[in-house]
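# Structural features, examined
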Amino acid sequence: RFSVKTLIDRSCFETIDDTSPEFNNFAAILEQILSHRLKGQISWFGYESPRSFWDYIRVACRKVSHNCICSIENMENVSSSRAKGRAWIRVALMEKHLSEYISTALKDFKTTRRFYEDGAIVLGEEANMLAGMLLGLNAIDFSFCLKGEGLDGSFPAVIDYTPYLKFTQSSDSISSDEEELRTLGSSGSEGSTPENIGPPFITDENSWYNKCKRVEQKYRLALEQKGYLEELVRLRENQLSESISQNKLLLQRIEDMDLAHKMEKEQLEYIIVELQDQLTVLKNNDLRSRQELTTHLTNQWPSPGALDVNAVALDTLLYRKHNQRWDEKSFQSLDQLSAEVSLSQSSLDPGHSQDGKQDGTNMLNEGKEDTPSLLGLCGSLTSVASYKSLTSLKSSEYLASPTTEMTSPGLTPS
């Protein structure tokens with residue numbers, strides 16, 4: 001705070017450059033603040049090497065618009081990291097953006113925490129006032145030579161505390177104090193002597209000179225305050241414009257998200273309705289398939305009477321094939337085959353009389369040669385169970401020959 005104040009006071013009388021002791025002291029103090037408890041850089045072998053505050057500024061101040069980081073990195077006569085940091089301080093003062101650089105770097109707390117240890121000045125509460133104090137330097141016009149010896153990083157920055165420890169009162173200050181005492185004395189004597197109205201007429205030239213000096217100092221102080229307030233207003237206007245733009249972007253993003261949400265909701269509703277329609281169609285198809293399958297199975301299942309008739313016809317055919325006695329004359333047409341099947345069915349009917357049986361036997365005898373009759377087995381083929389027992393008997397070769405069938409006591413009509 002003292003260095004900034006002395007720098008502002010000196011700028012009222014002369015231009016600030018590298019030869020000004022007030023600037024050299026200010027630059028040394030700022031360099032010491034930014035280098036306080038700065039972490040070293042760990043090498044591949046585990047050793048910690050010291051580094052300059054320029055490494056921190058280079059990373060933390062990238063977000064500043066129109067920054068001078070790249071320009072300083074490309075400077076030919078500046079090689080060391082400390083020299084680049086000192087060149088950055090001078091360039092930022094000439095650009096009148098030093099306060100903006102510092103405030104941006106301190107806001108990036110994650111990067112600051114990575115570069116500094118606990119207890120550093122930039123991590124404390126006083127760091128928040130640093131950018132505000134540096135804001136008053138924007139009213140000063142600086143002029144530096146970036147090729148001078150002040151950028152050499154071989155020597156450390158030394159702070160001169162004598163201007164802040166020793167106070168010498170100037171002649172202007174002494175005359176100011178005398179005038180103030182005289183004014184107070186005159187105001188005190190007014191109460192006792194009301195006839196003494198108005199200040200005494202002073203013809204001393206030295207007193208007029210002192211008054212002019214005081215007025216000039218007040219004017220310069222007001223001018224500095226005016227510049228500080230204008231810079232502060234400009235900074236606040238920039239922050240306000242950025243906040244307004246961010247607010248517009250957020251509102252636009254919210255509107256886009258609402259629109260996307262509505263479209264997604266409509267798509268999901270349409271998909272749900274379509275899936276419900278497909279599910280209904282599948283249920284109807286499944287029910288129709290079940291009904292068709294039930295009807296098909298019901299129609300294909302044979303009745304017990306038809307099964308007995310088919311069993312007798314099939315047994316007759318199997319018997320003739322087994323004995324190699326196919327008669328070509330017997331099945332010359334399908335009509336004769338159907339007649340024999342109907343004859344076999346009529347022979348299985350218990351309601352027929354003995355005459356009908358005898359007529360059927362005669363008709364069979366007329367159509368083919370005499371063979372052992374199967375009428376003895378017809379009684380056992382009136383049911384499905386009897387047909388199955390007949391099949392088991394055939395597999396046991398009980399029907400090997402007509403003689404065996406006729407003479408076997410186990411194959412008598414039931």
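Residues numbered from 1 in each chain as written. Predicted model: local features only at pLDDT ≥ 70, side-chain atom pairs only at ≥ 80, totals over all residues. Heavy atoms only, no water.

### Considerations on the overall build of the protein
Along its length, the protein carries 17 helices and two strands. The buried share of the protein, taken over its 414 residues, is 25%. Expressed as a percentage of contacts within the protein between residues at least 6 apart in sequence, the contacts between residues at least 24 apart total 69%. Within the structure as shown, the protein displays about 29200 Å² of accessible surface, and the carbon and sulfur contribution to it stands at 56%. (Helix = DSSP H or I, 4+ residues; strand = E, 2+ residues; numbered from the N terminus. Buried < 20%, exposed > 50% of the residue type's maximum accessible area, 1.4 Å probe, protein only. Contact = heavy atoms within 4.5 Å. Areas by Shrake-Rupley, 256 points an atom, 1.4 Å probe, with all protein chains shown as cover.)

### Some remarks on the packing of aromatic side chains
In the structure shown here, the tally under the stated rule is six aromatic pairs. Look at Tyr56 and Tyr116: their rings are 5.1 Å apart centre to centre, the planes differ by 85°, and that puts the pair in the edge-to-face class. In this pair, Tyr56 sits in helix H3 (residues 53-60) while Tyr116 sits in the loop between helix H7 (109-115) and helix H8 (127-134), placing the two residues 60 residues apart along the sequence. Like Tyr116, Tyr56 is buried. Taken together, a centroid distance of 5.7 Å and an interplanar angle of 80° make the contact between Trp88 and Tyr101 edge-to-face. (Phe/Tyr/Trp six-rings, centres within 6.5 Å; stacked < 30°, edge-to-face > 60°.)

### Regarding the packing of helix H2 (residues 21-35) against helix H5 (residues 81-95)
At a minimum axis separation of 11 Å, H2 and H5 run at an interaxial angle of 120°. The angle between the axes of H2 and H5 places the two elements in the oblique class. As for the relative orientation of H2 and H5, their crossing is right-handed in sense. Every residue of H5 that contacts H2 at Phe23, Phe26, Ala27, Leu30, Glu31 and Leu34 is listed here: Arg82, Arg86, Trp88, Ile89, Arg90 and Leu93. Residue composition of the contact of H2 with H5, by class: eight nonpolar, no polar and four charged. (Axes fitted to C-alpha atoms, helices over the stretch in contact; angles between N-to-C directions. Parallel < 35°, antiparallel > 145°, perpendicular 65-115°, else oblique. Left-handed = near helix turned anticlockwise from the far one by under 90°. Nonpolar A, V, L, I, M, F, W, Y, C, P; charged D, E, K, R; others polar.)

### Considering the nonpolar core
Ranked by internal contacts, the top residues of the largest apolar core, which has 48 residues, are Phe26, Trp88, Leu93, Leu98, Tyr116 and Leu137. Put simply, the parts of the chain that give this core at least two residues each are helix H1 (2-11), H2, H3, helix H4 (69-73), H5, helix H6 (98-107) and H8. Here this core gets seven residues from one element, more than from any other, and that element is H5. The contact partners of Leu137, leaving out residues within four places of it in the chain, are Val4, Leu7, Ile8, Phe26, Leu93 and Phe142. (Core = buried A, V, L, I, M, F, W, Y, C linked by side-chain atoms within 4.5 Å.)

### What to know about the state of the cysteines
Summed over the entire model, instances satisfying the criterion amount to zero disulfides. Sulfur of Cys61: no disulfide; nearest cysteine sulfur belongs to Cys68 and is 8.6 Å away. (Disulfide = S-S within 2.5 Å.)

### Some details on the packing of H5 against H6
Remark: H5 packs on H6, axes separated minimally by 7 Å, with the N-to-C direction vectors making an angle of 120°. The angle between the axes of H5 and H6 places the two elements in the oblique class. On H6, the residues that touch Trp88, Ala92, Leu93 and Glu95 of H5 are Leu98, Tyr101 and Ile102. Taken together, the residues of the contact of H5 with H6 break down into six nonpolar, no polar and one charged.

### Notes on the side chain of Ser3
Locating Ser3 in the fold gives a position in helix H1. Residues in contact with Ser3, not counting those within four places in the same chain, are Phe26, Ile29 and Tyr164.

### Points about the pattern of salt bridges
What the rule picks out here adds up to 15 salt bridges. Across the pair Arg58 and Glu73 runs a salt bridge whose closest N-O atoms are separated by 3.5 Å. Note that Arg58 is positioned in helix H3 and Glu73 in helix H4, a separation of 15 residues in sequence. (Salt bridge = Lys/Arg side-chain N within 4 Å of Asp/Glu carboxyl O.)

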